[in-house]
Amino acid sequence: MLRAEEKAMAMAVTMEVGNDGVAVISISNPPLNIINAAMLAALKQKFGEATRRRDVKAIVLTGKGGRFSGGFDINAFQNPGGHTSDRTIESIDLVLNTIEDCKKPVVAGIEGLALGGGLELAMGCHARIAAPKTQLGLPELTLGVIPGLGGTQSLPRLVGVSKAIEMMLFSKPIMSEEGKLLGLIDEIATSEELVRVSRLHALEIFDGRKPWLRSLHRTDKIGSLSEAQELLRTAREQAKRTAPNMPQHLACLDAVKEGLLHGGYKGLLKEAAVSKELVQSNTTKALTHLFFAQRATAKVPNITDVGLKPNHVKKVGIIGGGIMGSGIATSLILGNITVFLKEINSEYLLKGMKTVEANIQSLVARGKVTEDKARKALSMLEGVSDYSEFKEMDLVIEAVIEDIPLKQEIFSELEKVCSSCCILATNTSSIDLNVIGEKTKSQDRIIGAHFFSPAHIMPLLEIIRTEKTSPQVILDLLTVGKIMKKVPIVVLNCTGFAVNRTFFPYMQIPHLLVHLGVDLFRIDRAIRNFGFPLGPFQLQDLGGFRLGKASGKEYEKAFPDRTFRSPLTELLLKNGRNGKSNGKGFYVHEKGSKPKPDSSVLPIVDESRKFMNIMPGGKPISVTDEEITEMVLFPTINEACRVLDEGVVARASDLDVASVLGMSFPSYRGGIMLWADTVGSKHIYLSLKKWSEMYGSYFKPSRYLEERAMKGMPLSVAVEAKSSLKSNSKL
């Protein structure tokens, strides 16, 4: 890591003029050559100097350290005042006036990556030379903004409208080889030859042997205006369906359209105006918050900051080849880690192996994995039916059903057969780790590795530590998670841990509302309209009622005062319903079709209501959709407050990341805690207090929530310092 003063010295824009008359302007800001306002000013100054000098015939723009540029400094979005006010001047003055309209030919020499503002600078040049396997893309929409240095105008003119829309709206990068085929890249050169080839290309433009092309003046890739408008119309309709609460998608298309209809200069003005507006929006603030919060999860007090070095995990044993075990195995072998998958008999083992293969092939079919990588990954998978191979494992992950005696038996056996350095992990979603490992003498190497289903797709990894778990074991599992391309969150051991503990009210309160007379399908609609992809009842269908019943018992034991004991799940099971697994739950699940509300479940709901008999005066309560949403989500926030108060997570933002990646909380709201602070602690507290008096202790405000509401404090304030102290005392 560079110290602050070293980084300041490394951050520079330099220029060297060769005997050939080419000025090489280099961007340096390790490790990704991120661009900020000061560097934009320095670039303008260097271009001005090169343009004035008589000994300069042409200019090459490149990056130092094997990378062109990773884009504009995202920190500017968190304090956007000065940045946005100058956005119009930056985009038009630098990209258009300084680079594109430069009186001398400018060639970009691109290596490693050119993303966001980096690619936009390159597109302002008159030609682009790239090293092999260089990543090119405009990912700004993932942060709630649009390309703001000319990207909405240059990209459609260089790769065509259809490809440009795909790259921007889906933040889908391409490699330089594809860029060459599309016309975005003019030549491919090795890293060693990149600057030399770029210089020669620039001189050939100067001599008139290569065309002098200005991106904003080009129309050859756009096609007919009617075709372009139809592409934009289709893209708008798709964006409205798939991202209805993401204004940046439509704003990006608006900027593209403006340029196509009225020319690149007018398009730049539109892009700049829209960028300024979006940077100030709640969506951008939320998505930027998540960006930084996600990167903070890997920083664990007394683990990642004390000089420990991770051990290299080469071989992993997985016990259980079901949906979870096979998914975990898939992620590991894709990370080039050898996996030994164990099952109780050859039939189950074969089924597990075939599931892993099917997972890999589905990724190939979707273009996520190449055929070569798929073959290599599958060669790293081996099936076993006993523990003979486990003595050489670096890590073992138990992924069997949520059965405490079975898990205890497995861990006792692992302690006998595995080496004393092998990490012993469990994929349990709710069971206390101390209970699982109580019959062993290896509590220092027992850890929770809670993946979310499907494990080869869902990005979150919840790492659970007990008071006895070794810091080295935590660091090693963090490293494995990084290899698997997971986002890790390290949490303290408790029932349900951080994610399921926080969200258990989200799965229970809807049952309470149903027994108070609210239509279950209306509850699901209200939650979907809030931004979740599925409502709580459809989510229960997906997981299956038996799993929900088992985890419900754990929460009832741990939190009896705030657990709603719903008879509905048991009645559904007695009526032969187990959700998606057998096609019948609250919804009808037919292969190839979206789930449809099942009206035949309503008599079972009525039976459950009669059994509970809790409707006030025997009549359904009257609530708005907004009240339904708040009655479901405010108890979840209340439980998150308890999780924070107990120091289960290191920081409040960890719960934001966990809620988005683990429970599909809408990302444009920034996560559960950021949204809670947007709503306000006082409103949440007063609402819960009112409902607790009307409907029971399920809504009783926590002490943590009450304290902050009374002081008018955000719920995330000062949490970091408090939980860090708890973390230090535990390790």
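Nothing here was measured: the structure is a model prediction, and the numbers come from that model. (Residues numbered from 1 in each chain as written. Predicted model: local features only at pLDDT ≥ 70, side-chain atom pairs only at ≥ 80, totals over all residues. Heavy atoms only, no water.)

### Observations concerning the overall build of the protein
Check the secondary structure of the protein and you find 32 helices and 19 strands. Relative to the compact-globule value of 27 Å for 731 residues, the protein shows a C-alpha radius of gyration of 28 Å, a close match. Classification of the 731 residues of the protein by burial places 55% in the buried group. A sequence separation of at least 24 residues applies to 73% of the contacts in the protein between residues at least 6 apart. One way to put it: in the protein the 92 positive side-chain charges average out to a point 2 Å from where the 80 negative ones average out. (Helix = DSSP H or I, 4+ residues; strand = E, 2+ residues; numbered from the N terminus. Rg over C-alpha atoms; globule rule 2.2 N^0.38 Å. Buried < 20%, exposed > 50% of the residue type's maximum accessible area, 1.4 Å probe, protein only. Contact = heavy atoms within 4.5 Å. Lys, Arg positive; Asp, Glu negative; His and termini not counted. Charge placed at Lys NZ, Arg CZ, Asp CG, Glu CD.)

### Regarding the sheet that holds strand E8 (residues 174–175)
Backbone hydrogen bonds are what pair the strands of a sheet, in a parallel or an antiparallel way. The strand order across the open sheet built from three strands is E5-E7-E8, with neighbouring strands paired in mixed fashion. Strands with a single pairing partner mark the edges of an open sheet, and in this sheet they are strand E5 (113–115) and E8. Here three bridges tie E5 to strand E7 (residues 135–137), and the two strands are oriented parallel to one another. Within E7, the residue paired with Leu113 across the bridge is Gln135. Seen against the sheet, helix H6 (residues 117–124) touches E5 and E7 and runs at an angle of roughly 95° to E5. (Pairing = 2+ DSSP bridges. Axes fitted to C-alpha atoms, helices over the stretch in contact; angles between N-to-C directions.)

### Quick notes on the UniProt feature "domain: 3-hydroxyacyl-CoA dehydrogenase C-terminal" (unreviewed entry) in the protein
The sites that UniProt annotates as "domain: 3-hydroxyacyl-CoA dehydrogenase C-terminal" (unreviewed entry) are residues 496–587 and 629–708. A distance of 27 Å separates the end C-alpha atoms of residues 496–587, which is 62% helix and 1% strand. Measuring from the first to the last C-alpha atom of residues 629–708 gives 22 Å, for a span that is 72% helix and 0% strand. (UniProt positions renumbered as here; feature names shortened; annotations may be inferred.)

### Things to note about the UniProt feature "domain: 3-hydroxyacyl-CoA dehydrogenase NAD binding" (unreviewed entry) in the protein
In the numbering adopted here, UniProt assigns the feature "domain: 3-hydroxyacyl-CoA dehydrogenase NAD binding" (unreviewed entry) to residues 315–492. The span residues 315–492 is 40% helical and 22% strand by assignment, and the distance between its end C-alpha atoms comes to 26 Å.

### Let's talk about the packing of aromatic side chains
One pass over the full model with this rule turns up 20 aromatic pairs. With 5.4 Å between their ring centres and 85° between their planes, Phe521 and Tyr587 make a pair best called edge-to-face. Taken together, the residues Phe521 in helix H22 (residues 520–530) and Tyr587 in strand E18 (residues 587–588) connect sequence positions 66 residues apart. Neither Phe521 nor Tyr587 differs from the other in exposure class; each is buried. Site record: aromatic cluster; members linked through ring pairs are Phe503, Tyr506, Phe530, Phe532, Phe634, Phe665, Trp675, Trp691, Tyr695 and Phe699. Positioned above the aromatic ring of Tyr387 is the side chain of Lys342, whose terminal nitrogen or guanidinium carbon lies 4.8 Å from the ring centre. (Phe/Tyr/Trp six-rings, centres within 6.5 Å; stacked < 30°, edge-to-face > 60°. Lys NZ or Arg CZ within 6 Å of the ring centre and 35° of its normal.)

### A short note on the sheet that holds strand E14 (residues 423–426)
Ordered in space as E12-E11-E10-E13-E14-E15-E16-E17, the eight strands form an open sheet in which the pairing is mixed. The sheet is open, and its two edges are formed by strand E12 (381–384) and strand E17 (487–492), each paired on a single side. Between one strand axis and the next, the sheet turns by 25° as a mean value, whatever way the strands run. By the bridge criterion, five bridges tie strand E10 (residues 315–319) to strand E11 (residues 338–342) in an arrangement that is parallel. Counterpart to Lys315 in the pairing with E11 is Thr338. Contacts between helix H20 (residues 471–483) and the sheet are confined to strand E13 (395–398), E14, strand E15 (446–451), strand E16 (460–465) and E17, with E15 contributing the most and set at about 25° to the helix.

### So, the pairing of strand E1 (residues 12–17)
Here E1 pairs with strand E2 (residues 22–28) via six bridges, running antiparallel. When the sheet's bridge partners are listed, Thr14 is paired in E2 with Ser26.

### Quick look at the nonpolar core
Of all hydrophobic cores here, the largest spans 78 residues; its most connected members are Leu513, Phe586, Ile637 and Leu655. For this core, the leading source of residues is helix H27 (residues 625–645), giving 10 residues. Apart from the residues lying within four places of it in its own chain, the contact partners of Phe586 are His511, Leu520, Phe521, Phe537, Gln540, Asp541, Phe545, Leu568, Leu572, Pro597, Asp598 and Val601. Counting 60 residues, the second largest nonpolar core, distinct from the first, contains Leu43, Ile110, Leu119 and Val161. (Core = buried A, V, L, I, M, F, W, Y, C linked by side-chain atoms within 4.5 Å.)

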